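# Architecture at a glance
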Amino acid sequence: MKKHNFSAGPCVLPKSVIQKASEALLDFDNGLSLIEISHRSKPFVDVMENARALALELLGLEGKGYKALFLQGGASTQFLMVALNLLEKRAGYLNTGTWSDKAIKEAKIYDDIYEVASSKSANFNYIPKGYDIPENYDYFHCTSNNTIFGTQMKRFPNSPIPMVCDMSSDIFSRQLDFTQFDLIYAGAQKNMGPAGTTLVVVKEDILGKVSRKIPSMMDYKVHISKGSMFNTPPVFAVYTSMLTLQWLKDLGGIKAIEEENEKKARLIYSEIDLNPLFKGYAVKEDRSTMNATFTLENENLKETFDAMWKEAGINGLNGHRSVGGYRASMYNALSLDSVKALVEVMSELERKA
């Protein structure tokens, strides 16, 4: 039976990417596995350079003063690295969910952090708006998509200071003017590849302005100077991310995938709104195209519904404990057919109830 993978991460990947990545594990370079060759060898250096170039190309940032890096430690390490590299006196953070909350906590280790706005009192079911960003701060930090709560920033503020964005769960999923961001970071395991590497795209001219000494491993300038090869990179995660980025380019880039993502989102949210057995969690205007969160109006139907979607080959639908209910994560590689399969189960439940 075909599996419909709605996992929030690690996420579904294109079948062709998984096939090529698995072949590289067996034979990548004349009988040598991808994971046993030197990361300094020309075949892998080419992979790293291609992955970095593809990231900038897809984001429309080539030749605009940005560098792309593939680092280790997940987005959680970026909570620290951003502060270490950019925070001199004070920074402003928009608090829209669990991960921005954690980013604030980590940044506070180094200096003063100000929450410009927060939706925490409503358990993060909406995106705050109408807030001011102080001009004398070092940078403004936001999270574009909140996986756990199913909210997404549809518009970004016109920031008077450098804007940093955690795009871990919606990177490469929609068209944006990416030049409005001075630093973007994203864990690979939501839309690019397996866990193990994190994409960082940074405008070089914002670096080197803090007075503190930065450990080499945490210094963006060091990683830029070494082409993301300061230490041994996670070769398999980088290679698979490169394949996924090439798959996206061949598909028609972000414009093409955005059209598919909008179709998937319209389909699932239409069912949530029209089916009286379900209720959406996030405020409608802030609903994420990547993560649809919803609950059952009648918890007595939970056992029946759970059995139905599992029987239909659906995986990873349970919601996070912070919200409960269900979460359908619809990353780039998830097909429209998989969303149709879920919607059919939801409709069938209504017919049975």
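### Comments concerning the environment of Arg212
Inspection of the secondary structure puts Arg212 in the loop between strand E10 (198-203) and helix H5 (220-225). By relative accessible area, Arg212 is classed as partly exposed at 23%. It is 24 Å that separates the C-alpha atoms of Arg212 and Phe181, two residues lying 31 residues apart in sequence. If near-sequence neighbours (up to four positions away) are discounted, Arg212 is found in contact with Ala83, Leu84, Leu87, Tyr110 and Asp111. In terms of polar contacts, Arg212 uses its side chain to reach the backbone carbonyl oxygen of Ala83, at 3.2 Å. A polar side-chain atom of Arg212 sits 2.6 Å from the main-chain carbonyl oxygen of Leu87.

### Let's talk about the packing of aromatic side chains
Two numbers describe a pair of aromatic rings. These are the distance of the centres and the angle of the planes. Scanning the entire structure with this criterion turns up 12 aromatic pairs. Aromatic side chains Phe305 and Tyr326 sit 5.0 Å apart centroid to centroid with 90 degrees between the ring planes, which places their arrangement in the edge-to-face category. Here Phe305 is found in helix H8 (residues 302-311), whereas its partner Tyr326 is found in strand E14 (residues 326-329), with 21 residues between them in sequence. Judged by its relative accessible area of 0%, Phe305 is buried. Among the aromatic side chains, those forming a connected cluster through ring pairs are Phe278, Phe294, Phe305 and Tyr326. Lys310 extends its terminal NZ or CZ atom over the ring of Trp309, reaching a point 5.5 Å from the ring centre.

### A short note on the pattern of salt bridges
Inspection of the entire model under this criterion finds 14 salt bridges. Put simply, Glu285 and Lys129 hold a salt bridge, and the shortest N to O gap is 3.3 Å. Taken together, the residues span a long stretch of sequence, with Glu285 in the loop between strand E11 (278-280) and strand E12 (291-296) and Lys129 in the loop between strand E4 (112-118) and strand E5 (140-143) at a distance of 156 residues. Its relative accessible area of 51% is what places Glu285 among the exposed residues. Looking at Lys129, the relative accessible area reads 42%, which means it is partly exposed.

### Some words on the sheet that holds E14
If you walk across this open sheet you meet the 3 strands as E11-E12-E14, and the pairing is antiparallel. In this open sheet, the two edge strands, each paired with only one partner strand, are E11 and E14. Mean inter-strand twist for the sheet, computed between neighbouring axes without regard to direction, equals 35 degrees. Here E12 runs beside E14; their pairing, made up of 4 bridges, is antiparallel. Looking at the pairing, Thr293 lines up with Arg327 of E14. Lying over the sheet, helix H7 (residues 253-274) contacts E11 and E12, oriented at roughly 20 degrees with respect to E12.

### Let's talk about helix H1 (residues 15-26)
Residue pairs three or four apart in sequence face the same way in an α-helix, which turns once every 3.6 residues. Taking 1.5 Å of rise per residue, the 12 residues of H1 would be expected to cover 16 Å, and the 17 Å separating its terminal C-alpha atoms lies within 8% of that figure. Along H1, the positions that sit buried rather than exposed are Val17, Ala21 and Ala24. Buried positions in H1, seen along its axis, are confined to an arc of 55 degrees and lie on one side of it. Opposite the buried face of H1, at more than 90 degrees from it, the exposed residues are Lys15 and Leu26.

Cut-offs used in this document
- Residues numbered from 1 in each chain as written.
- Predicted model: local features only at pLDDT ≥ 70, side-chain atom pairs only at ≥ 80, totals over all residues.
- Heavy atoms only, no water.
- Helix = DSSP H or I, 4+ residues; strand = E, 2+ residues; numbered from the N terminus.
- Buried < 20%, exposed > 50% of the residue type's maximum accessible area, 1.4 Å probe, protein only.
- Contact = heavy atoms within 4.5 Å.
- Polar contact = N/O pair within 3.5 Å; in protein donor to acceptor, adjacent residues only side chain to side chain.
- Phe/Tyr/Trp six-rings, centres within 6.5 Å; stacked < 30°, edge-to-face > 60°.
- Lys NZ or Arg CZ within 6 Å of the ring centre and 35° of its normal.
- Salt bridge = Lys/Arg side-chain N within 4 Å of Asp/Glu carboxyl O.
- Pairing = 2+ DSSP bridges.
- Axes fitted to C-alpha atoms, helices over the stretch in contact; angles between N-to-C directions.
- Expected span 1.5 Å × (residues − 1).
- Arc of directions from axis to C-beta.

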